[in-house]
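The residues making up each chain are set out below.
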Amino acid sequence: MRINLIVRINMKKSFKIFAAILTVSLALPFAGCGNSSESSASSSSESSQTATTADAETTAASSAKIPEVLTSLHSIDTENGNEFAGTWKIVEGVGSKLDSFVFEFNGDKEACLIIDNVGYIGTYSLEETDGKKTFKTQLLFGLDGVYTYEFSSDKSSVTLTNTDDNSTTKMKKVENVSCIPEPEANPTIDEKLLGAWQSSEGDTVYFDKCGIMYSDSYGVQFTFSKYSAKDSTVTSTYKMKQETTDTYSYSVSGDTLKLNDYEYNKISVDELA
């Protein structure tokens, strides 16, 4: 089954994403291995965090152009969610070399590792183990396991201690982050494409009239991209450290979409969540 899935349109993009994540993750074992390394990693992370925050504020400023149907996807419940609800960046200890990543916890159980416009979906939970409150998460890189934790007094940072090896990871909260790119001013849109579509195997794609495309590969990885549609070709552009453009042929017949010859059926927008 896995071999068959690999040839699907969204899985081609997943390979690019996995390769990039793997490249960055090779630095992971060297993070926090002594005072000099920690200082260097911390300095690099702080510098990266400043740049990330500045970019995030610019993106957030343009979010008024983006409809709620898109901003509600993978959104964070900061009002009713648990104390981890928010967007975080690793700044010290294990994972501090992963300075291209941010981690989003939605306040319930969804954890996302995000690089610019691309996210990898995992899980997290708050539990009690041996009388101690623990944070448990499953993600591709950076955070994976069971941790005890201690928040700073203002809740802007948290230190995680792995229960298996006592290694520590410090995260700081990052504000105003959005993984949705700013739409083009006048995108070329085909109204027949608009709406949400799903394949028989469960991957989904959504085309919004503002010029943003959302794709979800089997509930494992998602991408927000700018798109245009012309002459039966979709051109999709997203950023993951660098800008990447993909093109897909398409045709629409009633409630059936063929995208690079793979078939999708129309679904309601509510089914994207």
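As the structure is a computational prediction, the values presented were derived from the model and not from experiment.

Comments concerning the overall build of the chain
- Scanning the chain for helices and strands turns up four helices and 16 strands.
- Evaluated residue by residue, the chain yields a buried proportion of 43% over its 273 residues.
- Put simply, of all contacts in the chain between residues at least 6 apart along the chain, 54% involve residues at least 24 apart.
- As displayed, the chain has an accessible area near 13,800 Å², and 45% of this comes from carbon and sulfur atoms.

Considerations on the pairing of strand S16 (residues 262–267)
- In this structure, strand S9 (residues 195–198) lies alongside S16, joined through three bridges in antiparallel fashion. Within S16, the residue paired with Gln198 across the bridge is Asn265.
- Both strand S15 (residues 256–259) and S16 contribute to a ladder of four bridges, which runs antiparallel. Along S16, the bridge assignment pairs Thr256 with Asn265.
- Here S15 folds back onto S16, and the loop between the two strands holds two residues, one of which, Asn260, carries a positive phi near 50 degrees.

Things to note about the nonpolar core
- Counting residues in each nonpolar core, the largest one holds 24 residues, and the members touching the most others are Phe84, Phe105, Leu143, Leu160 and Met171.
- Where this core is concerned, the elements lending two or more residues are strand S1 (86–93), strand S2 (102–105), strand S3 (110–115), strand S4 (118–129), strand S6 (144–151), strand S7 (157–162) and strand S13 (233–240).
- For Phe105, the residues in contact, after removing those within four places along its chain, are Ile76, Phe84, Ala85, Gly86, Trp88, Glu110, Ala111, Tyr124, Phe135, Thr137, Leu143 and Met171.
- In terms of nonpolar packing, the next biggest core, distinct from the first, is built from 18 residues, Leu73, Val102, Tyr206 and Leu272 among them.

Considering the pattern of salt bridges
- Evaluated as defined, the whole model comprises four salt bridges.
- Here Lys65 and Glu182 are joined by a salt bridge, their closest N and O atoms 2.9 Å apart. With Lys65 in the loop between helix H3 (35–61) and helix H4 (68–71) and Glu182 in the loop between strand S8 (168–173) and S9, this pair connects stretches of sequence that are 117 residues apart.
- In this structure, Lys155 engages Glu83 in a salt bridge whose closest nitrogen and oxygen atoms are separated by 3.4 Å. Taken together, the residues span a long stretch of sequence, with Lys155 in the loop between S6 and S7 and Glu83 in the loop between H4 and S1 at a distance of 72 residues.
- Residue class for Lys155 comes out partly exposed when judged on its relative accessible area of 40%.

Considerations on the confidence of the model for the chain
- With 76% of its residues at a pLDDT of 70 or more, the chain has an overall mean of 81.
- Across residues 1–19 the pLDDT falls below 50, and counting only partners more than four positions away or on other chains, this stretch makes 46 contacts in the model.
- Predicted confidence is poor over residues 22–63, with pLDDT under 50, and the contacts of this stretch with residues over four places away or in other chains come to 49 contacts.

Brief notes about the environment of Asn106
- Looking at where Asn106 falls in the secondary structure, it is placed in the loop between S2 and S3.
- Filtering out sequence-adjacent residues up to four positions away, Asn106 remains in contact with Ser75, Ile76, Asp77, Ala85 and Tyr124.
- From its side chain, Asn106 meets the backbone nitrogen of Asp108 in a polar contact 2.8 Å long.
- At a separation of 3.1 Å, a polar atom in the side chain of Asn106 contacts the main-chain amide nitrogen of Lys109.

Concerning the pairing of S3
- The element S3 is largely enclosed, with a buried count of six among its six residues.
- Taking every second residue as pointing to the same face, both faces of S3 are buried, with Glu110, Cys112 and Ile114 on one and Ala111, Leu113 and Ile115 on the other.
- Taking the residues that link successive antiparallel strands as the turn, the S2-S3 hairpin has four residues, and the phi of Gly107 there is positive, at about 95 degrees.
- Alignment of S3 against S4, held across six bridges, turns out to be antiparallel. Note on S4: the bridge partner recorded for Ile115 is Val118.

Examining unusual backbone geometry
- Even without being a glycine, Ser232 presents a positive backbone phi close to 65 degrees.
- As for its position among the elements, Ser232 is in the loop between strand S12 (221–230) and S13.
- Among the residues examined, Ser232 registers a relative accessible area of 42% and is labelled partly exposed.
- The phi torsion at Asn260 lies on the positive side, around 50 degrees, for a residue other than glycine.

Calculation criteria
- Residues numbered from 1 in each chain as written.
- Predicted model: local features only at pLDDT ≥ 70, side-chain atom pairs only at ≥ 80, totals over all residues.
- Heavy atoms only, no water.
- Helix = DSSP H or I, 4+ residues; strand = E, 2+ residues; numbered from the N terminus.
- Buried < 20%, exposed > 50% of the residue type's maximum accessible area, 1.4 Å probe, protein only.
- Contact = heavy atoms within 4.5 Å.
- Areas by Shrake-Rupley, 256 points an atom, 1.4 Å probe, with all protein chains shown as cover.
- Pairing = 2+ DSSP bridges.
- Core = buried A, V, L, I, M, F, W, Y, C linked by side-chain atoms within 4.5 Å.
- Salt bridge = Lys/Arg side-chain N within 4 Å of Asp/Glu carboxyl O.
- pLDDT = per-residue confidence, 0-100.
- Polar contact = N/O pair within 3.5 Å; in protein donor to acceptor, adjacent residues only side chain to side chain.

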